[in-house]
Amino acid sequence: MIQARVRIAAPLVLSFAVTTLSARAQLTDLTQAPNAAGAGIQKSLAQEVGAGRGDVMTPLSSLYVIQRDPFRSIQRGRQLFQRKFTAAQGLGPRKNDGVGNIELDAAIGAGLADSCAACHSRPFGSAGVGGNVFTRPDSRDAPHLFGLGLQEMLADEITRDLRAIRTAAITQAQSSGLTATLPLRSKSISYGTITALANGTVDTSGVQGVNADLRVRPFFAQGKTITMREFLVGAFKDEMGLEAVDPDLALAAAGQDVVTPSGMLLSGSIDTFAAPPTSNPTSDGDHDGVVNEIPTSLVDSMEFYLLNYFKPGRGRETQDTLDGQRLMNFIGCTTCHVQDLVIDHDRRVADVETRFDPLRSNRVFNGLFATAAPLFTVTNDASGHPSLKRPAGGSFRVETIYTDFKRHDLGPGFHERNFDGSLTTQFMTEPLWGVGSTAPYGHDGRSVTLEDVILRHGGEAQLARDRFANLPAFRQSQILAFLHTLILFAPPDTASNLDPADATHPLFPQAGHGSIKLSVLFNDPNDKE
């Protein structure tokens, strides 16, 4: 068995022929809607399903592709994300066909979309923003999904740290016979204190920003969901009427511990997970005459795609934006919006750093350039199959994420009405990366500008809000200018070291504008997704 760590990607991948079309926004299936432009998903849904979940020795299965051809798996997830599903494939009906007690089940107001990109598609061809759903009386905006895997990993590691501190407090109290109170800190963030009694019980009244079980739930504005897998399976059902077959979530919901193909531990023995619509591929729970609507292999591909999805980029920096970044710290914004956090064990296979670079960009669609760097090892397992390409599992510094993974009460301006008449008063600190591209703002989209949403803050953020309001106008503009450098981008239109811009191309800029072209990293780049 031979194992090697891959260090430099660009010189290797640029020698491949660039033949595969980039992923776009919502896409139709070329096998169902052929066209002269050749625009659309290259593989049929059955081809994407492949040989099911399988294993690393079963070609065309999701486990085989994830571990032996991981960039194909990511691209397949992108195509699934953008795929416009059809009624024949199980699309619809919406949750209870939109009828029922919305006080008990807000998903009734989620509506019906035919693709994930129907709600997450801006900028063009990205897993960005754009959707709005009636799951609360004052609506909810669909957030962007850039960097989602990084958020899942950080939240999971913070949970691990906090629970280890709880265990240490219990051990200390039991061994000493005295009450023990320890600070709950992870990644430089305080989550209050935990107190253990000599009898082994704990007092969680000092816990701040997370549930008493110390599990950080990074998804949804109120901090509801633990994993991307739950998130995507729920979205398939609630927003698209597609029932995913997921034995992993079924086992976790039944109290078992399961590690998904993307390496996420579903700790069902100690945490509560939402059960999937079904774990039986022959079940037709929505009675639309279609079974196995989203097979397990597709759930695997989607989860792996979201794990590895690009983090937001950085736009043009000036002295004003640098001063604005420093001012954010000075007035107290970064008390909650913590700038950088470090992952101890990175489960991704690559990182993409996207920054303003007018010299290497295509200079037409944007001024950005993306640099892909490998984070995987290569192992020849002497099986006769392509080598295993698995995450290296090193540490990774997540820069300019600006969050603390805690809930806060930001005052009545952010309080949210529920259909039963109650109010939700605490929300997760929204990561600021991408904020320059995601107007309108707030979980409900009710703030039109960045200035509006800053001045909307109150409660725990009142002091920072007032400091911003009292700054001279030119200082306020520096902060806003900095925030506008935290951007999303269109992967199909962003030049990269995988597919640089070529202004000499005869069809430039419709061709040759460069992109983040994952296909050059496939085992067979000529086999299109």
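Anything mentioned here points back to the structure above.
Residues numbered from 1 in each chain as written. Predicted model: local features only at pLDDT ≥ 70, side-chain atom pairs only at ≥ 80, totals over all residues. Heavy atoms only, no water.

**Structural notes on the overall build of the protein**
To keep it simple, the criterion reads: Note on conventions: DSSP H or I runs of at least 4 residues are helices, E runs of at least 2 residues are strands, and numbering of each starts at the N terminus. For the radius of gyration, the atom set is restricted to C-alpha positions; the globular benchmark scales as 2.2 Å times the number of residues to the power 0.38. The buried label applies to any residue whose accessible area, calculated with a 1.4 Å probe on protein chains only, is under 20% of its type's maximum; exposed applies above 50%, and partly exposed to all values in between.
Across its full length, the protein carries 12 helices and 23 strands. Its C-alpha atoms give the protein a radius of gyration of 23 Å, near enough to 24 Å, the size a compact globule of 529 residues would have. A principal-axis box enclosing the C-alpha atoms of the protein has dimensions of 65 × 55 × 55 Å. Across the 529 residues that make up the protein, the buried fraction comes to 54%.

**Concerning the packing of helix α4 (residues 70-82) against helix α8 (residues 296-307)**
Formally: Here, axes are lines fitted to C-alpha atoms. For helices the fit covers the stretch in contact, and angles between N-to-C directions go from 0 to 180 degrees. Orientation categories follow fixed angle ranges, with anything under 35 degrees roughly parallel, anything over 145 roughly antiparallel, 65 to 115 roughly perpendicular, and all other angles oblique. By the convention used here, residues are in contact when the closest approach between their heavy atoms is within 4.5 Å. Each residue gets one of three labels, nonpolar for Ala, Val, Leu, Ile, Met, Phe, Trp, Tyr, Cys and Pro, charged for Asp, Glu, Lys and Arg, and polar for the others, Gly among them.
Their axes nearest at 7 Å, the elements α4 and α8 cross at an angle of 100°. The orientation of α4 relative to α8 falls into the category roughly perpendicular. Residues P70, S73, I74, R76, G77, R78, L80 and F81 of α4 lie in contact with α8, whose contacting residues are L298, S301, M302, F304 and Y305. Across the contact of α4 with α8, the residue classes break down as eight nonpolar, three polar and two charged.

**Focus on the sheet that holds strand β8 (residues 202-203)**
Inclusion rule: The criterion for strand pairing is that DSSP finds at least two bridges linking the strands in question.
The strand order across the open sheet formed by three strands is β6-β7-β8, and the pairing between neighbours is antiparallel. The sheet terminates laterally at β6 (180-186) and β8, the two strands that pair on one side only. By the bridge criterion, two bridges tie strand β7 (residues 189-196) to β8 in an arrangement that is antiparallel. Residue pairing in the sheet places T195 in a bridge with D203 of β8.

**Some details on the packing of helix α9 (residues 319-331) against helix α12 (residues 473-483)**
Where α9 meets α12, the closest approach of the two axes is 7 Å, and the angle between their N-to-C directions is 105°. By the angle between their directions, the pair α9 and α12 is classed as roughly perpendicular. Between α9 and α12, the contacting residues are D320, T321, D323, G324, Q325, L327, M328 and I331 on the first element and R475, Q478, I479, A481, F482 and L483 on the second. A class-by-class count of the residues in the contact of α9 with α12 yields seven nonpolar, four polar and three charged.

**Here's the deal with helix α6 (residues 228-240)**
The line we're drawing: The length a helix should cover is 1.5 Å for every residue beyond the first.
Between its terminal C-alpha atoms α6 stretches 17 Å, which fits the 18 Å expected from 13 residues at 1.5 Å a residue. Burial runs high along α6: 10 of the 13 residues are buried. Tucked into the core, α6 has its buried residues touching β4 (132-133), α5 (148-176), α7 (247-253) and α8. Downstream of α6 by one or two residues, G241 has phi in the positive range, about 70°.

**Section: the packing of aromatic side chains**
To keep it simple, the criterion reads: Note on ring pairs: Phe, Tyr and Trp rings are taken, using the six-membered ring of Trp, and paired if centres are within 6.5 Å. Classes follow the plane angle, with under 30 degrees stacked, over 60 edge-to-face and the rest tilted. Counting as a charge over the ring demands two things of the Lys NZ or Arg CZ atom: a distance within 6 Å of the ring centre and an angle within 35 degrees of the ring normal.
A complete count under the given rule lists 12 aromatic pairs for this structure. Aromatic side chains F85 and F236 sit 6.2 Å apart centroid to centroid with 85° between the ring planes, which places their arrangement in the edge-to-face category. Taken as a pair, F85 in the loop between α4 and β2 (120-122) and F236 in helix α6 lie far apart in primary sequence, 151 residues in all. Its relative accessible area of 4% is what places F85 among the buried residues. Exposure remark for F236: the relative accessible area of 2% places this residue in the buried category. A ring pair is formed by F146 and F489, whose centres lie 5.2 Å apart and whose planes are at 75°; its orientation type is edge-to-face. One end of the pair, F146, is in the loop between β5 (140-141) and α5; the other, F489, is in the loop between β22 (486-487) and β23 (495-496), and 343 residues separate them in sequence. The same class applies to F146 as to F489, namely buried. One aromatic cluster is present, built from ring pairs that chain together F81, F146, Y305, Y309, F310 and F489. Here R348 stacks its cationic end above the ring of F396, 4.4 Å away from the centre of that ring.

**A look at the side chain of T485**
Just so we agree on the cut-off: N or O atoms closer than or at 3.5 Å make up a polar contact, with two conditions inside protein: a donor-capable atom paired with an acceptor-capable one, and, for residues adjacent in sequence, both atoms drawn from side chains.
Within the secondary structure, T485 sits in the loop between α12 and β22. Exposure remark for T485: the relative accessible area of 3% places this residue in the buried category. A polar contact of 2.6 Å, which involves the side chain of T485, links it to the backbone oxygen of F482. With near-sequence residues (within four places) excluded, T485 lies in contact with G313, R314, G315, R316 and T321.

**Some details on α4**
End to end, α4 covers 19 Å across 13 residues, agreeing with the expected 18 Å (1.5 Å per residue, within 8%). Here α4 lies mainly inside the structure; 13 of its 13 residues are buried.

**Digging into the environment of G52**
Relative to the helices and strands, G52 is located in the loop between α2 (45-49) and α3 (62-68). Separated by 463 residues in sequence, G52 and S515 place their C-alpha atoms 30 Å apart. What G52 contacts, discounting residues up to four positions off in sequence, is S61, S62 and S297.

**Some words on the nonpolar core**
Soluble globular proteins: nonpolar side chains tend toward being buried together. Quick note on the threshold: Remark: nonpolar core denotes a set of buried residues (Ala, Val, Leu, Ile, Met, Phe, Trp, Tyr, Cys) joined through side-chain atoms within 4.5 Å.
In this structure, F236 and F405 are the most contacted members of the largest nonpolar core, which totals 85 residues. The element best represented in this core is α5, accounting for 10 residues. What F405 contacts, discounting residues up to four positions off in sequence, is Q151, L154, A155, I158, Y191, G209, V210, V216, P218, L341 and M428. Of all hydrophobic cores here, the second largest spans 19 residues; its members include M328, F482, L483 and L486.

**Topic: unusual backbone geometry**
Cis geometry is found at the peptide bond from G92 to P93, where omega equals -5°. With respect to the element layout, P93 can be found in the loop between α4 and β2. The linkage connecting A439 with the following residue, P440, adopts the cis geometry, with an omega of -5°. With respect to the element layout, P440 can be found in the loop between β21 (427-428) and α10 (450-456). Even without glycine at this site, S139 takes up a positive phi of about 75°. Structurally, S139 can be placed in the loop between β4 and β5. Residues other than glycine seldom take positive phi values, yet Y402 does so here, at roughly 55°. Turning to its location among the elements, Y402 is positioned in the loop between β17 (396-398) and β18 (407-408). Relative accessible area serves as the criterion here: at 0%, Y402 is assigned to the buried category.

**Let's talk about the state of the cysteines**
Using the following cut-off: A pair of sulfur atoms, both from cysteines and within 2.5 Å, is called a disulfide here.
Overall, the coordinates contain zero disulfides when judged by the stated rule. Just so you know, C116 is unpaired, no disulfide at all, and the nearest cysteine sulfur is the one on C119, 8.8 Å from it. On the basis of relative accessible area, C116 is assigned to the buried category, the value being 13%. Left unpaired, C333 is separated from the closest cysteine sulfur, that of C336, by 9.4 Å.

Shape descriptors only; they carry no functional weight alone.
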